[in-house]
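This is what each chain is made of:
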Amino acid sequence: MNKSFFLTQNCTIFSETSDNMKITTSLENIHSFGGLNFVSEQLDQLKLPELIANTLENRSLLATYDYADIIKNIWMTIFAGGDCAEDIQTNLKAEFENITKMKVCSADTILRLQKELSTEKEIIYSKNEIKNEFNKHIKLNKLNMSLLIKTKQLKPRSEYTLDYDNQFIPCEKYDAKKSYKMKLGYFPGVATIGRNIVYFENRNGNTNVKFKQHETLQDVFNLLKNNEIKIRRSRMDCGSFTKEVINTIAENSELFYIRAQRCEELTGIIKEVKTWKEIMIGYKKVAVCSVEYKHFGQEKP
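One numbering rule holds for all chains: residues counted from 1, following each sequence as written. Where totals are concerned, whole chains, interfaces and linings use all residues; where local detail is concerned, this predicted model gives features only for residues with pLDDT of at least 70, and gives and counts side-chain atom pairs only at 80 or more. Remark: hydrogens and water are excluded; side-chain values derive from all non-hydrogen atoms of the structure.

Q: Looking at this model, I keep getting lost on the pattern of salt bridges. Mind explaining?
A: Side chains carrying opposite charge are able to pair once their charged atoms draw close together. Here, a salt bridge means any side-chain nitrogen of Lys or Arg that lies within 4 Å of a carboxyl oxygen of Asp or Glu. With the rule as written, the count across this model stands at 15 salt bridges. Note that Arg235 is salt-bridged to Asp163, the shortest N-O span being 2.8 Å. Here the residue Arg235 occupies a position in strand 12 (residues 230-236), and Asp163 occupies one in strand 6 (residues 159-166), the gap between them amounting to 72 residues. Note on Arg235: relative accessible area 41%, which makes it partly exposed. A run of H or I in DSSP becomes a helix once it reaches four residues, and a run of E becomes a strand once it reaches two; helices and strands are each numbered from the N terminus. In this scheme, a residue with accessible area under 20% of its type's maximum is buried, one over 50% is exposed, and one in between is partly exposed, where area comes from a 1.4 Å probe on protein chains only.

Q: Just checking my understanding: could you explain the nonpolar core for this structure?
A: Note that soluble globular proteins tend to have their nonpolar side chains buried in a common cluster. By nonpolar core we mean a set of buried residues, namely Ala, Val, Leu, Ile, Met, Phe, Trp, Tyr and Cys, connected to one another through side-chain atoms within 4.5 Å. Ile52, Leu56, Tyr67, Ile70, Phe96 and Leu143 are the most contacted members of the largest nonpolar core, which has 26 residues in total. Secondary-structure elements contributing two or more residues to this core are helix 1 (36-45), helix 2 (48-56), helix 3 (67-79), helix 4 (86-96), helix 5 (107-117) and helix 6 (138-150). Considering every element that reaches this core, the biggest residue donor is helix 3, with 5 residues. Residues are treated as being in contact if the distance between any of their heavy atoms lies within 4.5 Å. In contact with Tyr67, not counting residues within four places along its chain, are Ile52, Leu56, Glu57, Arg59, Leu113, Glu116 and Leu117. Formed by 23 residues, the second largest nonpolar core is a distinct cluster that contains Tyr199, Val220, Ile229 and Val245.

Q: Is there a simple way to explain the pairing of strand 15 (residues 284-288) in this structure?
A: Every regular strand shows the same layout, with side chains that alternate between the two sheet faces. Sheet topology note: the strand 14 (residues 277-281)/strand 15 ladder contains 5 bridges and is antiparallel. In the sheet register, Lys277 faces strand 15, and the bridge partner there is Val288. Linking two consecutive strands that pair antiparallel, namely strand 14 and strand 15, is a turn of 2 residues; a positive phi of about 70 degrees is found at Gly282 within it. Each pair of strands is called paired provided DSSP finds at least two bridges between the two strands.

Q: Looking at this structure, how should I read the pairing of strand 5 (residues 131-135)?
A: With respect to burial, strand 5 is a largely interior element, 4 of its 5 residues being buried. One ladder, built from 4 bridges, connects strand 4 (residues 122-125) with strand 5; its direction is antiparallel. What sits directly across from Ile123, in strand 5, is Glu133. In sequence, strand 4 turns back onto strand 5 through a hairpin of 5 residues, with Glu129 there showing a positive phi of about 65 degrees. In terms of strand pairing, strand 5 meets strand 11 (residues 196-203) through 2 bridges, oriented antiparallel. Note on strand 11: the bridge partner recorded for Phe134 is Arg203.

Q: Whenever I open this one, the environment of Gln89 confuses me. Can you help?
A: Its location among the elements puts Gln89 in helix 4. For Gln89, a relative accessible area of 41% translates into the label partly exposed. The residues contacting Gln89, other than those within four sequence positions of it, are Ser106 and Ala107. Contacts described as polar in this section are N or O atom pairs within 3.5 Å, which, within protein, must combine one atom able to donate a hydrogen with one able to accept it, while residues neighboring in sequence count only if both atoms come from side chains. Within the structure, Gln89 has its side chain in polar contact with the backbone nitrogen of Ala107 (distance 3.4 Å).

Q: Honestly, the sheet that holds strand 10 (residues 189-193) in this entry has me stumped. Any pointers?
A: The strands making up a sheet associate through hydrogen bonds between their backbones, and the pairing can be parallel or antiparallel. As summarised here, the arrangement of the 7 strands in space is 4-5-11-10-6-12-13, forming an open sheet in which the pairing is mixed. Either end of the sheet is taken by a strand with one partner, and the two such strands are strand 4 and strand 13 (255-258). Sheet twist, expressed as the average angle between the axes of neighbouring strands with direction ignored, equals 25 degrees. Note that strand 10 and strand 11 share 5 bridges and pair antiparallel. Looking at strand 11, one finds that Thr192 is bridged to Ile197. Here helix 8 (residues 243-252) sits on the sheet in contact with strand 12 and strand 13, set at roughly 150 degrees to strand 13. Axes here mean lines fitted to C-alpha atoms, for a helix over just the part in contact, with angles spanning 0 to 180 degrees between N-to-C directions.

Written out as structure tokens, the structure is:
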């Protein structure tokens, strides 16, 4: 017997069979983001709130909300299409109050607890007395890695390809500095495996991407090793083309690919190559060669 169902806007359900039709009117409210109940349930089944609490430590027993609550509120806001904490207060609160096992926070509460989680920035001066500001949030990076493993997006003892880059983020925050692009903003270093961010370190806009980058990368590799994540290949652009970075990468991955910084000497060496080998990279045929090159030139601080 064939059967089909139709759901109308006023919650009337038509159940139609080949023999007859039954009409049922539901008095229950239908909510725009009812599917988030399944997301909330899955988060609880994976015991992610407990993982967050154990990593970030619990707040006072008298506190109404803990860090797991605000992180869950942020996640749900993103899943519902929001992009800032104020969306809960102005657009989503009524819908979120219907999600089981979720304590809906106000925007002020989310922002206040985010402030509690913040860490002091580290100030390092270069040889040229340039003030460089860093922020390495060890706990949040550790939590992020634990969540990736808990949700099986990364698997211990498996081999991966690591990518690293510094991405300029323009903004007009009170402490933002002007970058070489002549815009105010931050210049964080981001390490990724596939589409997953595995490490994040904030830098101010005026900080040269090469400055202390080998130390940043060592922090990345230490975090991965502590979680038994193996890196077979590392890939970076010319912003990582320094002796210190290459030494760090060579010690922590089997293969690495770094785009060389163009200069007259290297260009001359490449022009002298007579034999090139054609290979396929994806669906594209390219010509490659190998050259010996040891000089890194004068690096900026």
